[in-house]
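Spelled out, the chains give:
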Amino acid sequence: MNIRKALALLLVMAVWPMGYAQDIPVSYSLGENNSDRYKFSTVLSIDKASSGETVLVRTYYGGFPLKPKGHFIEVYNADMTLKSDYNYKYAGKHMVDGFVKNGQLYLLELVYDYDAQVYEYKAHQSPLDDFNFSERVLLSVPSKEVLNPLAVSKYNRKFGNGFSTATHFNDDKSAFAITVHHRKGKNEKYKIYLFGTDLTPHLKYDFSEQIVDKNYAFENIATSKDMKTLYFMGKAFFKKRRFDAKERKYQYELLKITNAGHTSQEFTDEGRFPESLKPILVDDKLVSVGFYADRKDNRYNGLAYFELHPNTLAVQTKKYNPFSKQFMDDKFGREVDATIKNLIFKDVHITPSKDIVFSAEEYFVTEGEHFDGDTRRIVDRFHYNDIVCAKLNAQGDMEWARNINKSEVTQGDAAYASYSAHGFGNDMYFFINSGENPQTIGENRILFKQGYSRNPNMFVIKIDGDGGLSYKKLIDDKEVRLPIMVSRPFVDKASDDLLFYAKRGSKKQLIRVQIGVEGSTPSK
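Analysis parameters
- Residues numbered from 1 in each chain as written.
- Predicted model: local features only at pLDDT ≥ 70, side-chain atom pairs only at ≥ 80, totals over all residues.
- Heavy atoms only, no water.
- Pairing = 2+ DSSP bridges.
- Helix = DSSP H or I, 4+ residues; strand = E, 2+ residues; numbered from the N terminus.
- Axes fitted to C-alpha atoms, helices over the stretch in contact; angles between N-to-C directions.
- Core = buried A, V, L, I, M, F, W, Y, C linked by side-chain atoms within 4.5 Å.
- Buried < 20%, exposed > 50% of the residue type's maximum accessible area, 1.4 Å probe, protein only.
- Contact = heavy atoms within 4.5 Å.
- 1 Å grid on protein atoms, 1.4 Å probe; cavity = no way out; pocket = protein on both sides within 12 Å on 5 of 7 lines; lining within 4 Å.
- Points joined across faces, edges and corners; volume = space filled by probe spheres on them.
- Nonpolar A, V, L, I, M, F, W, Y, C, P; charged D, E, K, R; others polar.
- Salt bridge = Lys/Arg side-chain N within 4 Å of Asp/Glu carboxyl O.
- Polar contact = N/O pair within 3.5 Å; in protein donor to acceptor, adjacent residues only side chain to side chain.

Draft legend 1. Spatial organisation of the sheet that holds strand S18 (residues 250–258). Strand order in the open sheet formed by 4 strands is S16-S17-S18-S19, and the pairing between neighbours is antiparallel. The sheet is open, and its two borders are formed by strand S16 (214–223) and strand S19 (261–267), each paired with just one other strand. Pairwise comparison of adjacent strand axes, ignoring direction, gives a mean angle of 25° for this sheet. In this sheet, strand S17 (residues 230–238) lies alongside S16 in antiparallel orientation, the contact comprising 9 bridges. Looking at the pairing, Ala-222 lines up with Tyr-231 of S17.

Draft legend 2. Summary view of the environment of Ile-461. Assignment of secondary structure puts Ile-461 in strand S33 (residues 457–463). On a C-alpha basis, the gap between Ile-461 and Ile-404 in space is 8.9 Å, while along the polypeptide they are 57 residues apart.

Draft legend 3. Focus on the nonpolar core. In terms of nonpolar packing, the biggest core is built from 24 residues, with Val-289, Phe-291, Leu-303, Phe-323, Ile-356 and Phe-358 touching the most fellow members. At the level of elements, strand S20 (273–282), strand S21 (285–293), strand S22 (300–308), strand S24 (343–350), strand S25 (356–372), strand S26 (375–392) and strand S27 (398–404) are the ones that each hand at least two residues to this core. Per-element accounting of this core gives the leading share, 4 residues, to S21. Look past the residues within four positions of Ile-356 in its chain and what remains in contact with it is Ile-280, Val-287, Val-289, Tyr-305, Val-348, His-349, Ile-350, Ala-390, Lys-391 and Leu-392.

Draft legend 4. A look at the layout of surface pockets. There is about 570 Å³ of room inside the second largest pocket. Within the residue set of the lining of the second largest pocket, elements represented by two or more residues are strand S4 (41–48), strand S28 (406–410), strand S30 (427–434) and strand S36 (497–504). A total of 3 residues in the lining of the second largest pocket trace back to one element, the largest contributor, which is S28. Of the residues in the lining of the second largest pocket, the class split is 8 nonpolar, 10 polar and 6 charged.

Draft legend 5. Geometry of the environment of Lys-325. If you trace the backbone, Lys-325 turns up in helix H2 (residues 325–332). Considered as a pair, Lys-325 and Ala-401 are 76 residues apart in the sequence and their alpha carbons are 9.6 Å apart.

Draft legend 6. Here's a closer look at the pattern of salt bridges. The final tally for this structure, using the stated rule, is 29 salt bridges. The salt bridge involving Asp-397 is made with Lys-319; its shortest N-O contact spans 3.1 Å. With Asp-397 in the loop between S26 and S27 and Lys-319 in strand S23 (residues 315–322), this pair connects stretches of sequence that are 78 residues apart. Using a relative accessible area of 32% as the deciding quantity, one classes Asp-397 as partly exposed. Of the residues examined, Lys-319 reaches a relative accessible area of 23% and is grouped as partly exposed. Close ionic contact of Lys-473 with Asp-476 constitutes a salt bridge, the shortest N to O distance being 2.9 Å. Residue classification places Lys-473 among the partly exposed residues on the basis of a relative accessible area of 21%.

Draft legend 7. Quick look at the sheet that holds S23. Overall, antiparallel pairing links the 4 strands, which are arranged S20-S21-S22-S23 in an open sheet. Only two strands of the sheet have a single neighbouring strand rather than two, namely S20 and S23. Each strand axis lies, on average, 20° off the axis of its neighbour in the sheet, ignoring direction. Sheet topology note: the S22/S23 ladder contains 7 bridges and is antiparallel. Within S23, the position partnered with Leu-303 by the bridge is Asn-321.

Draft legend 8. Fine view of the side chain of Asn-393. Relative to the helices and strands, Asn-393 resides in the loop between S26 and S27. A polar side-chain atom of Asn-393 sits 2.9 Å from the main-chain amide nitrogen of Gln-395. Apart from the residues within four sequence positions on either side, Asn-393 is in contact with Asp-355 and Glu-399.

Listed below in structure tokens is the structure:
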């Protein structure tokens, strides 16, 4: 009888796709709980100086309806103690991002100069030890003012606006590329710029001749270490070509740009439709990874891998890896006609053996109704659902793919939704907010779902090098009584630390999570 019980237990452990685990080597410590004067704010950036100080920049709002009023800057020491703060009373209409470099804080803004009738990318710059901001214009483009100049949704671009621009940072945030698309009548211009985060200009390229037949919506970049080469991946939308029912109106293309010119590579295999491709430099190799579909409606069927020559972009190796039965069981249980779509690439990790582990999220937008008294408004609802994590070996073959069932929707600050990820050795760690306990949704399947508490718990999910899945509640909602901005941490890859910000109303707190160490430190 005991042998039967033991065998039954082993069988359950073998088929259970996500087990509760207490041995996940992750620890956390809590900073002091501080009062805050700005009840309504959003995080613009969180970065770390070379001295070890953490610099957090928030946009704060006031009035009715709420409008940006300025930027509040907080500097924390290595112990998460608030060292200093500064109120930069400049709101800005289109603030893009913030970053720290060489002891300086930079705030990047897109602004319209009504007198000169130009759009300008402007950097607000200040030393960290004595806040005193100055301004520097990085580039200017003559144009009429438009309603929304920032191409904020790179997955659903519209090109008839007259002026459209987007900013893309590389993975280690050492550089950013700016694309500018503008037209006046039939005269269209498309220019690409590359700057280091010390504001040194590295590339300026006129791409106008290439947009005669196509519109480009770029999604991801990679840069060489010397900043002399920029790799840009995105969708090329055909303008004039006719299509049959089995074709898409766009294709993915990779551009290699230098000051001497550009080279392009199209991904157009018959019967294969790549999606969410990302260029990655692995030592001296240039690869692109993502998803693919067997038909044009973006119903993903598996993982795509391309190895390209770093100079000519010629495809040297390509592999299409269909999703495994294990992955389909993770996601759908026993549903037969289920489909996978709306995946947005989020994170990549290169293991010590040069394998590639990457993750994506099921993201889409719906419309809903919101009532303010007797007034009815149509609002956007942002859905952050399942996480897909996959591992390709150094040759591009799929080792495994797993699905983490998750369901979140928000109309407000998305920093509290979605997830963050970090690779450690051969393992991948995910941090999410969820209700008290995952919900059982079928045989051997669970779902992480938004709870009804105002302070959701933070869970950590670990996928090991063999694809094994485990999880545990890391931070209880009774210990940190503020919601955690789980998708906006500062990730220190050198120390494998993640620094999260918790905020609501007039209270704020920092939380440090360290991977590779077990235990926790109580609040100060």
